Amino acid sequence: MAGFGWKLHGDGRHLQPGEVVKPQERLTWGRTIALGAQHVVSMIGACFVAPVLMGLDPSLALMASGVATALFLVMTRGRIPSYLGSSLSFVGVSAVIAGQGGDAGTLTGAMLVVGACLAGCGLAIHVVGAGVIHAVLPPTVTGAVVMLIGFNLAPVTASTYWPQDQWTALATMLFTGLALVVLRGFWSRIAIFLGLVFGYALSWILDRTAGKIHSVNGAGKLTDHWRIDFSGVEKADWIGLPTFHAPNFSASAVLVALPVLVALIAENAGHIKAVSAMTGDPLDDKMGMALVADGTATVLSTAVGGPATTTYAENIGVMAATRVYSTAAYWAAAGFALLFGLCPKFGAVVAAIPGGVLGGITVILYGMIGLLGAQIWVRNKVDFSVPLNLIPAAAGIIIAIGGVSLKLTENFELSGIALGTLTVLTGYHSLRWLSRVAGRPHPPLLDAGTGEDTERTDGEG
């Protein structure tokens, strides 16, 4: 089956500056496994946070992410290096459903329906062709969506991680940046992981030399606390299964969750285009199947009580930093996730990474994700002197980053990524149609695709 049997890149050990490892290549297995571990470490915070915020079992979420990633790699035949973790898009939905009296089963039932709809949309795109995605999501839109997804994560760093230990966060950020720039070869490609190890070690040293720190803890409460809390590690079992439960279905809950579908399609399309831009491999023919895989993974996860899954922006940041796109590393990451899901002790160790350390790491990672959106604009020569390109992107990004919300009914509102995505999407196409009505025609997007002249021609019509 295609997608397996990776070719060794060079000698598997030494890489020249600027050299990349393609999806169907790999480094030595030792290095590949280490990179897989780095992918797990980079995503595990969000993968744990999402289910905790939604009242779901984080160990099940971690296990489900491993299964989802393996399924995604198989269904896309190993061409798209991507990790599927817990989706944060449903956090707001979970609060609304809980307010309506729904429980965890109601939430997972609603997410299951959205996952099935996502798979259905992906199947339609796979049959009709990615041209429909190009028509709906031209470079102006996809660049903005990728950017707002990355920069929308900034408040997580600023309000949750960084305040827990600002000096450790600063030191970790500087060390990680230095490692990315100064180190060579394999060591530069695991710089994110080295930054986490550095921050972990620094926190351990500070706990023993400076004592407790007076700052907010992970719960946001100002108190004196140790930087590293091993209490969860001591209590956790070495081997154990997560908690499973069946979904149940409520029409009102499903209606609350369905609008997230729009954001998921845009998020996945933006992710695929970002990966395509990084690897240099046109992935239009896999766009539909990627959506099918993500939707199917969500259905499987939520069917046993887990969260919805999505392609993880955190891992795009790791690839941008390491320039290693080998899908073999993602198979290793999926294996680690399964093991961590079955071993609460290991999961507790990773979960004990101090907030200040995550603050220093995420400043770099989340920024890299956002700037990949700018890379899409640059590569497609999007001209922001053209109001059609400028206005929707500017408005959507500010709405997403600022957390602007739009209350539509007493029990439903759009905010963050979902509202920002809709603003860019509807704003672009509405203005495009209005400009045509006003006598300023534009070329057909279905013909233009994602070619370099798409947005420049918009400004010339």
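Residues numbered from 1 in each chain as written. Predicted model: local features only at pLDDT ≥ 70, side-chain atom pairs only at ≥ 80, totals over all residues. Heavy atoms only, no water.

Going by what an unreviewed UniProt entry lists, the chain is known as Nitrate reductase and is assigned to Streptomyces sioyaensis. Under the heading Subcellular location (unreviewed entry), UniProt records this for the chain: "Membrane". Looking at the Sequence similarities (unreviewed entry) heading of the UniProt record, one finds this comment for the chain: "Belongs to the nucleobase:cation symporter-2 (NCS2) (TC 2.A.40) family." (UniProt positions renumbered as here; feature names shortened; annotations may be inferred.)

**What to know about the packing of aromatic side chains**
Taken as a whole, this structure holds four aromatic pairs when the rule is applied. With centroids separated by 6.1 Å and ring planes inclined at 25°, the aromatic side chains of phenylalanine 336 and phenylalanine 340 adopt a geometry described as stacked. Residue phenylalanine 336 and its partner phenylalanine 340 are located together in helix α16 (residues 327-342), separated by four residues, close to a single helical turn. On the accessibility criterion, phenylalanine 336 (23% relative accessible area) is partly exposed. (Phe/Tyr/Trp six-rings, centres within 6.5 Å; stacked < 30°, edge-to-face > 60°. Helix = DSSP H or I, 4+ residues; strand = E, 2+ residues; numbered from the N terminus. Buried < 20%, exposed > 50% of the residue type's maximum accessible area, 1.4 Å probe, protein only.)

**Considerations on unusual backbone geometry**
Positive phi values are uncommon outside glycine, yet arginine 77 reaches one of about 55°. Residues other than glycine seldom take positive phi values, yet lysine 381 does so here, at roughly 55°. Positionally, lysine 381 belongs in the loop between α18 (355-379) and α19 (387-402).

**Some thoughts on the state of the cysteines**
According to the stated counting rule, one finds zero disulfides in the structure shown. The closest cysteine sulfur to the non-disulfide-bonded cysteine 117 is located on cysteine 121, 6.7 Å from its own sulfur. (Disulfide = S-S within 2.5 Å.)

**What to know about the packing of helix α10 (residues 191-209) against α18**
At their nearest, the axes of α10 and α18 sit 9 Å apart, and the two run at 155° to each other. With respect to α18, the element α10 is oriented roughly antiparallel. Seen along the crossing, α10 lies across α18 with a hand that is right-handed. For the pair α10 and α18, the contacting residues are Ile192, Gly195, Leu196, Gly199, Tyr200 and Ser203 in the first and Val357, Leu358, Ile361 and Leu365 in the second. Within the contact of α10 with α18, the residues separate by chemical class into seven nonpolar, three polar and no charged. (Axes fitted to C-alpha atoms, helices over the stretch in contact; angles between N-to-C directions. Parallel < 35°, antiparallel > 145°, perpendicular 65-115°, else oblique. Left-handed = near helix turned anticlockwise from the far one by under 90°. Contact = heavy atoms within 4.5 Å. Nonpolar A, V, L, I, M, F, W, Y, C, P; charged D, E, K, R; others polar.)

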